[in-house]
Amino acid sequence: MKRLVRILLVVSLFPPLLSAVAGWMAAPGFLHPEKRELSPDMVHDADITLAQIGARREEFDVRAPDGSMMRGWKVRAAQRNGSWILVVHGVADNRYGMTEHARLLLQSGYGVVMMDSRAHGTSGGTIASYGWLERKDISAVIDELEHQEHPEHLFALGNSMGAGIVLQAAAADSRIEAVATEAPFANLQEAAYDYAGLQRWPLLGKTFFAPGAWILILRGEHLAGFPASEVSPEKAVSRRGFPLLLICDGADVVLPCRHSEKILRAAAGPKELWRVPGAMHTGGLGAATEEFRRRVVLFFDQQRVKENERTAPRVTHWPDS
């Protein structure tokens, strides 16, 4: 009987202990994700893509509030509608990863800003903070864009980590009029549960492997010096109401649709959710290309028209005397 009890104790305690150790070891990598360098081949390929649609890019470097240099591209459409869209990539990626998203927006007349997020690509910054510092970087980018281009309207689109960043940035900066996102995280703790569950079994991440998720966030918070509990797109969208298009990928195991659903429930402004059947993480554009293009462009076009109508001067027509 005692032997059975010991076996049961080992079986029940070993997974949580193992996950806690894994969480402790993974925390530095969480703050310092693998850096995908922007290679000359990527730049050349992006230039070919942009040339095909008559778009023109230029270097666009912005100094962040903490002194880090954010590097990216400012791309003008061949036929311009006067509005600009900030396009933000996911973790361990760079601006090149959003080239196809930029293409569909540019073809519809939108100017596009494609930045490498801090600690990614060629941008500076010592850590990735998943929105805590990046939201201020976005505001600095907007400051410079307004100085140079005077956009009639300003929107944002983001994937994965980039989706979480633009949601938090829009909550803090009212110059962002509307946001479209694909596969955002609801909050860091919720995302950690998916990672603890090996991106297959989120229930395990919230039960047996939960200590790993807790330790990952707690140690990351200690190492980075920012409050991880406040890195929350879910909280952010409840603070300011703005038009929101959420796209979740039906077969996503990295950040499953429950993240987008939590954000949808919390959002204070006009909102809609599109689930892309069969799409893997951030694979919506590839899985449903034409529908993705239609929905995203229509969303931004509608916001542009609504804002124009809202700000148009009112004319009073007096009856003939």
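Here the structure is shown first, and the text comes after it.
Since the model is a prediction, treat every value here as computed from it, not as a measurement. (Residues numbered from 1 in each chain as written. Predicted model: local features only at pLDDT ≥ 70, side-chain atom pairs only at ≥ 80, totals over all residues. Heavy atoms only, no water.)

A positive phi is found at Ala-92, a non-glycine position, where the angle reads about 60°. Following the sequence through the fold, Ala-92 ends up in the loop between β3 (83-88) and α3 (99-106). By relative accessible area, which is 32% here, Ala-92 ends up partly exposed. Positive phi is not limited to glycine here, since Ala-183 has a value of about 55°. Locating Ala-183 in the fold gives a position in the loop between β6 (178-182) and α6 (188-196). A relative accessible area of 1% means that Ala-183 is categorised as buried. (Helix = DSSP H or I, 4+ residues; strand = E, 2+ residues; numbered from the N terminus. Buried < 20%, exposed > 50% of the residue type's maximum accessible area, 1.4 Å probe, protein only.)

This brings us to the sheet that holds strand β8 (residues 271-276). Adjacent strands of a sheet form backbone hydrogen bonds with each other and so pair up, either parallel or antiparallel. Pairing within the open sheet is mixed, and its eight strands lie in the order β1-β2-β4-β3-β5-β6-β7-β8. The sheet terminates laterally at β1 (56-63) and β8, the two strands that pair on one side only. Neighbouring strand axes in the sheet, compared pairwise and without regard to direction, differ in orientation by 20° on average. Note: β6 against strand β7 (residues 244-249), four bridges, orientation parallel. For Ala-180, the partnering residue across the bridge sits in β7 and is Leu-245. Sheet strands in contact with helix α5 (residues 161-172) are β3, β5 (153-159), β6 and β7, and its direction is about 145° off that of β5. (Pairing = 2+ DSSP bridges. Axes fitted to C-alpha atoms, helices over the stretch in contact; angles between N-to-C directions. Contact = heavy atoms within 4.5 Å.)

On to the nonpolar core, then. One finds Leu-86, Val-113, Ile-138, Ile-176, Val-179, Leu-188 and Leu-244 to be the most contacted residues of the largest nonpolar core, which totals 45 residues. Elements with a minimum of two residues in this core: β1, β3, β4 (111-115), α4 (134-149), β5, α5, α6 and β7. Counting residues in each nonpolar core, the second largest holds 36 residues, with Ile-53, Met-98, Val-276 and Leu-285 among its members. (Core = buried A, V, L, I, M, F, W, Y, C linked by side-chain atoms within 4.5 Å.)

Looking at the second largest pocket, its volume works out to about 170 Å³. For the second largest pocket, the full set of lining residues is Phe-155, Glu-177, Ala-178, Arg-240, Gly-241, Phe-242, Pro-243, Pro-270, Gln-303, Lys-306 and Glu-307. For the lining of the second largest pocket, the leading source of residues is helix α12 (residues 289-311), giving three residues. Among the residues forming the lining of the second largest pocket, the class breakdown is five nonpolar, two polar and four charged. (1 Å grid on protein atoms, 1.4 Å probe; cavity = no way out; pocket = protein on both sides within 12 Å on 5 of 7 lines; lining within 4 Å. Points joined across faces, edges and corners; volume = space filled by probe spheres on them. Nonpolar A, V, L, I, M, F, W, Y, C, P; charged D, E, K, R; others polar.)

Moving on: the side chain of Ser-83. Mapping Ser-83 onto the fold places it in strand β3. Using a relative accessible area of 1% as the deciding quantity, one classes Ser-83 as buried. Those residues in contact with Ser-83 that sit more than four places away from it in its chain are Gly-109, Tyr-110, Gly-111, His-153, Phe-155 and Arg-304.

The next point concerns the pairing of β5. Look at any regular strand and the pattern is simple: side chains alternate between the two faces of the sheet. Counting buried positions along β5 yields seven of seven residues, so the element is predominantly enclosed. In this structure, β3 lies alongside β5, joined through six bridges in parallel fashion. Note on β5: the bridge partner recorded for Trp-84 is Leu-154. Pairing geometry for β5 and β6, over five bridges, is parallel. Among the inter-strand pairings, Gly-158 is bridged to a residue of β6, identified as Thr-181. In this fold, the crossover linking β5 to β6 by way of α5 has right-handed handedness. (Right-handed = clockwise from strand over helix to strand, strands pointing away.)

On to the side chain of Asp-173, then. By the element assignment, Asp-173 lies in the loop between α5 and β6. Of note is the side chain of Asp-173, whose polar atom sits 2.8 Å from the side chain of Ser-139. When sequence neighbours within four positions are dropped, the list of residues in contact with Asp-173 reads Ser-139, Ile-142 and Arg-240. (Polar contact = N/O pair within 3.5 Å; in protein donor to acceptor, adjacent residues only side chain to side chain.)

What follows concerns empty space enclosed by the protein. Enumeration over the complete set of coordinates arrives at one cavity of 30 Å³ or more. Counted as a void, the largest cavity has a volume near 140 Å³. Surrounding the largest cavity, 14 residues form its lining, Val-88, Met-115, Asp-116, Ser-117 and Ile-138 being those nearest its centre. When residues of the lining of the largest cavity are traced back to their parent elements, those giving at least two are β3, β4 and α4. Sort the elements by how many residues they give to the lining of the largest cavity and α4 lands first, with four residues. When grouped by side-chain class, the residues that make up the lining of the largest cavity number nine nonpolar, one polar and four charged.

This next bit is on the environment of Ala-171. Structurally, the position occupied by Ala-171 is in helix α5. Counting along the chain gives 70 residues from Ala-171 to Gly-241, while the straight-line C-alpha distance between them is 7.8 Å. For Ala-171, the residues in contact, after removing those within four places along its chain, are Ala-236, Arg-240 and Phe-242.

Let us now look at the pairing of β8. Where β7 and β8 come together, six bridges link them in parallel fashion. When the bridges of β8 are listed, Leu-244 appears paired with Lys-271. The parallel pair β7 and β8 is bridged by helix α10 (residues 257-266), and the resulting crossover is right-handed.

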